[in-house]
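Spelled out, the chains give:
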Number of protein chains: 2
Amino acid sequence: MIYNVQIKVMPLKELLDPQGKAVIGSLKNLDINNVQDVRIGKHITLQIEAENENAAKKIAETTATKLLANPVMEYFEIEMIN
Amino acid sequence: MIYNVQIKVMPLKELLDPQGKAVIGSLKNLDINNVQDVRIGKHITLQIEAENENAAKKIAETTATKLLANPVMEYFEIEMIN
């Protein structure tokens, strides 16, 4: 069966997010002043062929750990869509 | 009140996603062959100060349209977290 999996990779909460800070600065130039915090990460959708949901989740975890997220700066969350 | 808003910016479904294709290639090198499709976008979290949820959503929409998403190549989805 094919499972749709979402992986969210975000900068660690303890770290500054320069990309987010840049967006806040640009929002001020557009006269939008009520956005207080912006953090920017990656959103990845995977189609995984697996026997069951657990197997699909495990593959997604391996993918995130080995390829998508850098644990020094980022954390990830996995969500099954089906 | 402060609202937490998530914005998901993804490459349009009709378009090729070269970053995703690169991940599939790398997965094959890691002997993971059951991932069929990968699409990579941005995941943005905003903290917005607004009077009510609708106002917060409107600010998020303006932010996404003017700053975060390129409509030629991307679509976006907004989700309120609280």
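The structure displayed is predicted, hence computed values, not measured ones.

### As for the interface of chain A and chain B
Size of an interface: often given as the accessible area lost when the parts come together. Contacts between the two partners involve 31 residues from chain A and, on the opposite side, 31 residues from chain B. Where chain A meets chain B, there are zero salt bridges. Our count for the contact surface shared by chain A and chain B stands at twelve residue pairs in polar contact (both at pLDDT 80 or more). Mapped by element, the contributors of at least two residues to the side of chain A that touches chain B are β1 (2-11), α1 (18-29), β2 (35-49) and α2 (53-68) of chain A. Of all the elements, β2(A) adds the most residues to the side of chain A that touches chain B, at 15 residues. A class-by-class count of the residues in the side of chain A that touches chain B yields 15 nonpolar, ten polar and six charged. In terms of strand pairing, β2(A) meets strand β2 (residues 35-49) of chain B through 13 bridges, oriented antiparallel. Opposite A:Val38, over in β2(B), you have B:Leu46 as the bridge partner.

### Thoughts on the relation of the copies chain A and chain B
Superposing chain A onto chain B requires a rotation of 180° together with a translation of 0.0 Å along the rotation axis, leaving an RMSD of 0.0 Å. Overall, the copies show the geometry of a two-fold rotation axis. Residue by residue, 100% of the interface of chain A is reproduced at the interface of chain B, so both copies engage with the same surface.

### Some words on the packing of α1(A) against helix α2 (residues 53-68) of chain B
Where α1(A) contacts α2(B), the two axes come as close as 11 Å, and the packing angle between them is 100°. Between α1(A) and α2(B), the angle is such that the two are roughly perpendicular. Along the contact surface, α1(A) presents A:Val23, A:Ser26 and A:Leu27, while α2(B) presents B:Thr63, B:Leu67 and B:Leu68. A per-class count over the contact of α1(A) with α2(B) returns four nonpolar, two polar and no charged.

### Side note on the side chain of A:Arg39
By the secondary structure assignment, A:Arg39 is in strand β2. The side chain of A:Arg39 is buried and forms no salt bridge, while A:Asp37, the nearest opposite charge, is found at 4.8 Å. A polar atom in the side chain of A:Arg39 sits 2.8 Å from the backbone oxygen of A:Leu12. Looking at A:Arg39, its side chain comes within polar contact range of the main-chain oxygen of A:Leu15, at 2.7 Å. Not counting residues within four places of it along the chain, the set of residues in contact with A:Arg39 comprises A:Met10, A:Pro11, A:Leu12, A:Lys13, A:Leu15, A:Asp17, B:His43, B:Ile44 and B:Thr45.

Scoring rules and cut-offs
Residues numbered from 1 in each chain as written. Chains lettered and ligands numbered in written order. Predicted model: local features only at pLDDT ≥ 70, side-chain atom pairs only at ≥ 80, totals over all residues. Heavy atoms only, no water. Contact = heavy atoms within 4.5 Å. Salt bridge = Lys/Arg side-chain N within 4 Å of Asp/Glu carboxyl O. Polar contact = N/O pair within 3.5 Å; in protein donor to acceptor, adjacent residues only side chain to side chain. Helix = DSSP H or I, 4+ residues; strand = E, 2+ residues; numbered from the N terminus. Nonpolar A, V, L, I, M, F, W, Y, C, P; charged D, E, K, R; others polar. Pairing = 2+ DSSP bridges. Least-squares fit on C-alpha atoms with pLDDT ≥ 70 in both. Axes fitted to C-alpha atoms, helices over the stretch in contact; angles between N-to-C directions. Parallel < 35°, antiparallel > 145°, perpendicular 65-115°, else oblique. Buried < 20%, exposed > 50% of the residue type's maximum accessible area, 1.4 Å probe, protein only. Lys, Arg positive; Asp, Glu negative; His and termini not counted.

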